[in-house]
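Below are the chains, spelled out letter by letter.
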Amino acid sequence: EMAQREAAELLRGQRKPRSPHGWGLLVALWLLAFYEPVVTEGHLRRKNLEFIFIRFSAWEFAGCDKLWAGLVTTLCHHIRQHFGALPLSVFHVLGSRPRFASGFSQREWILKKGTCLRLGGLLLVLAVGIGILLVALLVPGVKDHHALKVVGSAVASLSGSSLLLGALSILKNFLVSEKKKIERLTNSDRFAGQLGFMSKIRGEVEVLVDFLAFMEVFERRRLRVVLEITSLDLCYPEKVAGVFNAMATLLSDANAPFIFLLAVDPSVIVPCLEQTGCMKGLADNGYEYLNRAVSLPFSIPEMGARSRLRSVAAAIQTREDLMYRIIAANVAQTRRAPAAPGRKGADSEAVAWIHEAFRCLHDGSDVLSRYLPANGANVRRIVNTIPITLRLLLHRSGASGILSPRAAAAWVVLADRWPGRLSWTLQCLEDAGQGVPAADSQRKSLWSVFQENAGELSALRGPLAKVLSLDGDPELFQVFLARDFPFSAGEARELLGVTVNLDHSIRRHMALLRALDRLGKAAP
């Protein structure tokens, strides 16, 4: 869209955009030193935009004392990297913030008369001082005048030192980036109680904002810096609140060209905010705080069938050892020739099972694909777990077992989508299997076991609230076990030994709660 807008601007007769690279760098340095940018009405009407995308993973900075400092340093580093260190260093010393034009003037650059006069004066004084010094040193008859040498050297030194100080300031900003300045401040022993620390950070941010406004006029297009903030829901509560404060600081300037994309799970972020002190005056309501901080909420809708299949395909392709084409080739080779004995034969057999399980997941006509989670992380977990589960199953039972690759894949999905209800059902099955004949307990369906003990689970829903919150739709759980995949108790026992994506500590916790509940009922 931005490329189309830029082409449309050129057709309208607008001047071609430029960049601070190559010959454009020399032009930018010349304008930085001797001209002041002006925001005209024509500039405000420009439709062409350039987006600078910056990815900020909060988890990478979770170990530092101030997470928001990591956000500011990441912003400074990427802007410096995008435009180059030299233009930003010169702007620190000689640059000025653009001013708005008076009236409808289209003049975008105004000569800095004061800078030109000061520079001209310094050069003139320097030339005069050098001239006096040369006369005192070279002209016969004047060499003996010591006072003339002193005056000439003093005038040349003063004017030259002023120019040298400006060059050193540019060199210092070139070598010491804004990121290093902020890191030096945060590493200081006086950081915790340093007065004016936030004002220094704010000053660095204001310089960046002014520099971006200057580059807008120079490049002849609007600039927007997009910060993508991810993994914030993996950090501690106080650091989450610190990032929100940093966002508020960066957005406090009405003309700041920043756009924040905050990718978070509100169910995780809201409790973090409510544990900190930033909720004062909002009735400790984290959702109210989010509503005030976020100007454009966008809740990603649930995935459709095709989106889930695409997510599965993408997750499969990330497995280097399970690439789809390699697996297909191995399967074709396995079908052409009998499996070799030993480890190679077992591996070929496992590859064939893994391919069949992935085919069922990726087949839109298979009912199993309807139970895939909408969360991409859960899809990747399922894809990573299926090969391990199938290899363990083949190692324990062999290919002549009672279960198929499709059933094993369905079991992995069941354990991922409903870990709480499945753990409860397996624990009830384990407790009830001691007094029931083996044949009857093997044929019993897993859904009937859950139904028989659903009342007890409802009575214990208070202590198990956090575990049950991990489960998906309860009605889908019923359809899964009662109709689409009616696992028997015998199949469940066989699969339990190879289940690696189910936290077994949940079952131990449930067993303890059941025992305590029964003990309380049996007590006189």
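Residues numbered from 1 in each chain as written. Predicted model: local features only at pLDDT ≥ 70, side-chain atom pairs only at ≥ 80, totals over all residues. Heavy atoms only, no water.

## Describing the packing of helix 16 (residues 376-397) against helix 17 (residues 405-417)
Point 1. Packing of helix 16 against helix 17 leaves a shortest axis separation of 9 Å and a crossing angle of 135°. Judged by the inter-axis angle, helix 16 sits oblique to helix 17. Crossing of helix 16 over helix 17 shows right-handed handedness. When helix 16 is examined against helix 17, the residues Asn378, Arg381, Ile382, Thr385, Ile386, Thr389, Leu390 and Leu393 are found in contact with a partner set consisting of Pro405, Ala408, Ala409, Val412, Val413 and Asp416.
Point 2. Looking at the contact of helix 16 with helix 17, its residues break down into nine nonpolar, three polar and two charged. (Axes fitted to C-alpha atoms, helices over the stretch in contact; angles between N-to-C directions. Helix = DSSP H or I, 4+ residues; strand = E, 2+ residues; numbered from the N terminus. Parallel < 35°, antiparallel > 145°, perpendicular 65-115°, else oblique. Left-handed = near helix turned anticlockwise from the far one by under 90°. Contact = heavy atoms within 4.5 Å. Nonpolar A, V, L, I, M, F, W, Y, C, P; charged D, E, K, R; others polar.)

## Description of the sheet that holds strand 5 (residues 222-230)
Point 1. On the basis of which strands lie adjacent, the open sheet formed by three strands has the order 2-5-6 and parallel pairing. Both edges of this open sheet fall to strand 2 (49-57) and strand 6 (258-262), since each of them pairs with a single strand only. Mean inter-strand twist for the sheet, computed between neighbouring axes without regard to direction, equals 20°.
Point 2. Direction of pairing for strand 5 relative to strand 6: parallel, over a ladder of five bridges. Note that in strand 6 the partner of Val226 across the bridge is Ile259. (Pairing = 2+ DSSP bridges.)

## So, the UniProt feature "transmembrane region" (unreviewed entry) in the protein
Point 1. This chain's UniProt record puts "transmembrane region" (unreviewed entry) on residues 20-39, 116-139 and 151-171.
Point 2. The span residues 20-39 is 60% helix and 25% strand, and its two end C-alpha atoms sit 19 Å from each other. (UniProt positions renumbered as here; feature names shortened; annotations may be inferred.)

## Section: the sheet that holds strand 4 (residues 109-111)
Point 1. Strand order in the open sheet formed by three strands is 3-1-4, and the pairing between neighbours is mixed. Each edge of the open sheet is held by one strand with a lone partner, namely strand 3 (99-100) and strand 4.
Point 2. Bridging between strand 1 (residues 35-39) and strand 3 involves two bridges; their strand directions are parallel. In the strand pairing of strand 3, Val39 is matched with Phe100.
Point 3. Each of strand 1 and strand 4 touches helix 2 (residues 23-34); the most contacted strand, strand 1, lies at about 95° to it.

## Points about the environment of Ile201
Point 1. With respect to the helices, strands and loops of the structure, Ile201 is situated in helix 9 (residues 197-219).
Point 2. Put simply, Ile201 and Lys181 are 20 residues apart on the chain and 9.2 Å apart in space, counted from C-alpha to C-alpha.

## Side note on unusual backbone geometry
Point 1. At Arg220, a position not held by glycine, the phi torsion is positive, near 60°.
Point 2. For Arg220, the position within the fold is in the loop between helix 9 and strand 5.
Point 3. Relative accessible area serves as the criterion here: at 15%, Arg220 is assigned to the buried category.
Point 4. Located in the positive-phi region is Ser231, a residue other than glycine, with phi close to 60°.
Point 5. One can find Ser231 in the loop between strand 5 and helix 10 (237-250).
Point 6. By relative accessible area, which is 23% here, Ser231 ends up partly exposed. (Buried < 20%, exposed > 50% of the residue type's maximum accessible area, 1.4 Å probe, protein only.)

## Some words on the packing of aromatic side chains
Point 1. Taken as a whole and judged by the stated rule, the model has 17 aromatic pairs.
Point 2. With 5.5 Å between their ring centres and 65° between their planes, Phe91 and Phe211 make a pair best called edge-to-face. Of the two residues, Phe91 is situated in helix 5 (residues 85-94) and Phe211 in helix 9; the sequence distance between them amounts to 120 residues. When sorted by exposure, Phe91 lands in the same class as Phe211, which is buried.
Point 3. An angle of 55° between the planes, with centres 6.0 Å apart, marks the rings of Phe91 and Phe214 as tilted. (Phe/Tyr/Trp six-rings, centres within 6.5 Å; stacked < 30°, edge-to-face > 60°.)

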